Amino acid sequence: METIEPSNRCIHCDFSKNLRRHDKRLRRVRDMNLIHKYLHLLIHVKRWRCQNCKKLFCKPLSSVPSGSHQTYRLQEHIFEQCRATTISYAGR
Ligand SMILES: [Zn+2]
């Protein structure tokens with residue numbers, strides 16, 4: 001079963017035609033909710049094969065940096081915590 005989604009673009013060569021669906025993977029991503037409790041998200045990611053450069057790619061997720069296992073908001077939260085810790089240590 002192969003489908004073509006015209007809105008997709010190859011991240012390697014920017015080719016937007018002849019993209020074939022390769023498979024579907026379940027991606028596990030760490031996130032946190034509003035009460036700062038860590039949780040895991042399971043996201044279905046479609047993988048595509050570019051017929052131009054023959055490379056595989058998956059569409060980037062808007063909430064997860066590519067290649068990361070954490071969402072943007074979790075990364076920001078960790079960054080803020082590190083900064084707060086540094087400031088409190090420096091104040092002693
Ligand atoms: Zn390509």
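Read on for a plain summary of the structure.

Conventions we followed
Residues numbered from 1 in each chain as written. Predicted model: local features only at pLDDT ≥ 70, side-chain atom pairs only at ≥ 80, totals over all residues. Pairing = 2+ DSSP bridges. Helix = DSSP H or I, 4+ residues; strand = E, 2+ residues; numbered from the N terminus. Axes fitted to C-alpha atoms, helices over the stretch in contact; angles between N-to-C directions. Buried ≥ 20, exposed ≤ 12 C-beta atoms within 10 Å, placed from the backbone.

**Observations regarding the pairing of strand S1 (residues 19-32)**
Stage number 1. Bridge count for S1 against strand S2 (residues 38-50) is 13 bridges, and the pairing is antiparallel. When the sheet's bridge partners are listed, Arg28 is paired in S2 with Leu42.
Stage number 2. Hairpin connection of S1 to S2: five residues between the antiparallel strands, including His36 at a positive phi of 60°.

**Details of the sheet that holds strand S3 (residues 56-58)**
Stage number 1. Taking strand neighbours across the sheet as the criterion, the three strands line up as S1-S2-S3 in an open arrangement whose pairing is antiparallel. Of all the strands in the sheet, the pair left with one neighbour each is S1 and S3. The sheet shows a mean angle of 30° between the axes of neighbouring strands, taken without regard to direction.
Stage number 2. Both S2 and S3 contribute to a ladder of three bridges, which runs antiparallel. Among the inter-strand pairings, Arg49 is bridged to a residue of S3, identified as Leu56.

**Some details on unusual backbone geometry**
Stage number 1. Positive phi, close to 65°, is recorded for Asp14, a residue that is not glycine.
Stage number 2. Along the chain, the position of Asp14 falls in the segment before S1.
Stage number 3. When the 10 C-beta atoms within 10 Å are taken as the criterion, Asp14 is described as exposed.
Stage number 4. One non-glycine residue, Asn18, lies in positive phi territory at about 55°.
Stage number 5. Looking at where Asn18 falls in the secondary structure, it is placed in the segment before S1.
Stage number 6. A count of 11 C-beta atoms within 10 Å places Asn18 in the exposed class.

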